[in-house]
Amino acid sequence: MNIDEARKRIESAVAQYGLHAAPVIDLVMNEVRSDMGAKAFNLLVEEFDLELEYNIAPLESDYSNS
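Below is a summary of the structure that appears in this document. Please read these numbers as outputs of a predicted model, since none were measured by experiment. (Residues numbered from 1 in each chain as written. Predicted model: local features only at pLDDT ≥ 70, side-chain atom pairs only at ≥ 80, totals over all residues. Heavy atoms only, no water.)

Observations regarding the overall build of the protein chain
Line of reasoning, step 1. Within the protein chain, the secondary structure is distributed over 4 helices and 0 strands.
Line of reasoning, step 2. Written out in order from the N terminus, the α and β elements of the protein chain read α-α-α-α.
Line of reasoning, step 3. C-alpha atoms of the protein chain, sized along the principal axes, occupy 40 × 25 × 15 Å.
Line of reasoning, step 4. Counting only residues that meet the buried cut, the protein chain has 27% of its 66 residues in that class.
Line of reasoning, step 5. Long-range pairs, those at least 24 residues apart, make up 46% of the contacts in the protein chain between residues at least 6 apart in sequence.
Line of reasoning, step 6. For the protein chain, the computed accessible surface area is about 4,600 Å², with 48% contributed by carbon and sulfur atoms.
Line of reasoning, step 7. Charge centroids of the protein chain, computed over 5 positive and 13 negative side chains, lie 6 Å from each other. (Helix = DSSP H or I, 4+ residues; strand = E, 2+ residues; numbered from the N terminus. Buried < 20%, exposed > 50% of the residue type's maximum accessible area, 1.4 Å probe, protein only. Contact = heavy atoms within 4.5 Å. Areas by Shrake-Rupley, 256 points an atom, 1.4 Å probe, with all protein chains shown as cover. Lys, Arg positive; Asp, Glu negative; His and termini not counted. Charge placed at Lys NZ, Arg CZ, Asp CG, Glu CD.)

If you want it as C-alpha cells, here you go:
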C-alpha cells in the first residue's frame, strides 16, 4: 500500500460509514503502519483528524529507545 491508496481508502470509509468508520479505518491504519511506518501513520492521523474523530492516536516512533 502507498500513502495515496491509504488516503482513498480512509476517504471511502468515512463517506460510506461516517462516524462508524473507525473499525475500517483501523484496519487501513494497521496496514499503513506495517507497510510504511510510524511517520506515514502519524501523517494520516493528523491529516484526517483521526485522533479526535475516531480515537486513533498517533504512534510514538518506529524505533524503541530501550
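A few points about the pattern of salt bridges
Line of reasoning, step 1. Overall, the coordinates contain 4 salt bridges when judged by the stated rule.
Line of reasoning, step 2. Asp 4 is the salt-bridge partner of Arg 7, the closest N and O atoms lying 3.1 Å from each other. Here Arg 7 pairs with Asp 4, and both are found in helix H1 (residues 3-17), just 3 residues apart, close to one helical turn.
Line of reasoning, step 3. A salt bridge links Glu 47 to Arg 7; its shortest N-O distance comes to 2.9 Å. Taken together, the residues span a long stretch of sequence, with Glu 47 in helix H3 (residues 38-47) and Arg 7 in helix H1 at a distance of 40 residues.
Line of reasoning, step 4. Residue Glu 47 is classed as partly exposed on the basis of its relative accessible area of 41%.
Line of reasoning, step 5. Overlapping salt bridges bring together Asp 4, Arg 7 and Glu 47 as one network. (Salt bridge = Lys/Arg side-chain N within 4 Å of Asp/Glu carboxyl O.)

Some details on the environment of Ala 38
Line of reasoning, step 1. Examined against the element boundaries, Ala 38 turns out to sit in helix H3.
Line of reasoning, step 2. A sequence separation of 16 residues divides Ala 38 from Ala 22, and the C-alpha atoms of the two residues are 19 Å apart.

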